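Examination of the molecular architecture
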Amino acid sequence: MKVITMVGTSLFSNLEKEKKLNWTMKEKEYLEEKPAGKWPEFEKLIKRSKANVSSKLVSVKDPSAELSSLLLIKKKYQTDLQVFLLASDTLISCLAAEILVELINKQTGITAHFNLEVDVIEGLQVNESQIFQKTGMPNLVKKIDAIIADYPVDVSLNITGGYKAAIPYLTIMGHIYNLPLYYLFEGKRAELVTIPLAPLAINWGMFAKYHSVLEELSNGIENWPRYKREK
């Protein structure tokens, strides 16, 4: 079973709640605000933070929502999981993914994948809404589409981690591609919620018929009023 999993920052917030994370507000702000492309520039800070966090994880029962949800999926279906971690365009999400991929592969019996070069979604951030909508989400959709193309059978979406702003888009994508959707409900005890898929039928013939128009829309229209009249 293949599970595409968005990576958030619960790994750090959980440690902060238990007062086990020793980093300054300045360090945290750098990691949260800087884009993933700044990784080489802040590599010393990242390595120090990674060592700091990793040393504390052994004493935490549920280190992150992503890990807890994956363990529940594995338990529910009693099957081998192959997990594809996708990070947002921030240093802190990339750091979380780097720590999680090692933790998952070493301790859970689950196979996890994360490559800093290809599994970071450029533009997926929440500081600039236009970048999020025009760059981040399209790149996320393309990445998920590529994974589905490589593994067309038995793929699901774990939307527990990552930005909450992406959940509506991912939910729609799950319905279109008929992908099971999982979410960790953190109440008195953590429970795995399966979001039911609506009985939708997609008329793919319409998409094929207007492929050229859709491609033009994807590339962006400079004069929208004129284009709308012509089409």
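Right, let's walk through the structure included here. Worth saying up front: this structure is predicted, and the values here are computed from it rather than measured.

Moving on, we get to the pairing of strand E1 (residues 2-7). Burial of E1 is extensive: six of the six residues sit out of reach of the surface. Pairing between E1 and strand E2 (residues 82-87): six bridges, direction parallel. Bridging across to E2, Thr 5 finds its partner in Leu 85. Pairing between E1 and strand E4 (residues 155-158): four bridges, direction parallel. Among the inter-strand pairings, Lys 2 is bridged to a residue of E4, identified as Val 155.

The next point concerns the sheet that holds strand E5 (residues 181-186). Strand order in the open sheet formed by six strands is E3-E2-E1-E4-E5-E6, with mixed pairing between adjacent strands. On the outer flanks of this sheet lie strand E3 (111-113) and strand E6 (190-195), each paired with one strand and no other. The sheet shows a mean angle of 25 degrees between the axes of neighbouring strands, direction not considered. Bridge count between E5 and E6: six bridges; the pairing is antiparallel.

Time to look at the layout of surface pockets. Volume-wise, the largest pocket comes out at about 920 Å³. Mapped onto the lining of the largest pocket, the elements with two or more residues apiece are helix H6 (129-150), helix H7 (167-177), helix H8 (204-209) and helix H9 (211-219). Taken together, the residues of the lining of the largest pocket sort by class into 12 nonpolar, two polar and three charged. By volume, the second largest pocket amounts to about 580 Å³. In terms of lining, the second largest pocket is formed by 32 residues, of which the most central are Gly 8, Thr 9, Ser 10, Ser 13 and Lys 164. Of all elements in the fold, only helix H1 (10-17), helix H2 (25-33), helix H4 (65-77), helix H5 (91-107) and E5 reach the threshold of two or more residues within the lining of the second largest pocket. For the lining of the second largest pocket, the leading source of residues is H1, giving four residues. Within the lining of the second largest pocket, the residues separate by chemical class into eight nonpolar, 16 polar and eight charged.

Positive phi is not limited to glycine here, since Gln 78 has a value of about 50 degrees. The residue Gln 78 is located in the loop between H4 and E2 in this model. Even without being glycine, Asp 154 reaches a positive phi, approximately 65 degrees. Assignment of secondary structure puts Asp 154 in the loop between H6 and E4. With relative accessibility at 46%, the residue Asp 154 sits in the partly exposed group.

What counts as what
Going along each chain's sequence as written, the residues are numbered from 1 onward. For this predicted model, a pLDDT threshold of at least 70 governs which residues receive local features, and a threshold of 80 or more governs which side-chain atom pairs are given and counted, while totals over whole chains, interfaces and linings are taken from all residues. Calculated side-chain values reflect all of the structure's heavy atoms, with hydrogen atoms and water omitted. Partly exposed describes any residue whose relative accessible area lies between the buried limit of under 20% and the exposed limit of over 50%, with all areas from a 1.4 Å probe on protein chains only and scaled to the type maximum. Secondary structure elements are defined from DSSP: runs of H or I of at least 4 residues count as helices, runs of E of at least 2 residues count as strands, and each element is numbered from the N terminus. For two strands to be treated as a pair, DSSP must find at least two bridges joining them. In this description, a line fitted to the C-alpha atoms serves as the axis of each element, helices being fitted only across the stretch in contact, and the angle between N-to-C directions of two axes falls anywhere from 0 to 180 degrees. Both cavities and pockets are sets of points on a 1 Å grid over the protein atoms alone; in a cavity a 1.4 Å probe fits but cannot get out, in a pocket the set is open with protein on both sides within 12 Å along at least five of seven lines, and lining residues sit with an atom within 4 Å of a point. Grid points are joined across faces, edges and corners, and a volume is the space filled by probe spheres set on the points. Under the scheme applied, nonpolar residues are Ala, Val, Leu, Ile, Met, Phe, Trp, Tyr, Cys and Pro; charged residues are Asp, Glu, Lys and Arg; polar residues are all the others, including Gly.

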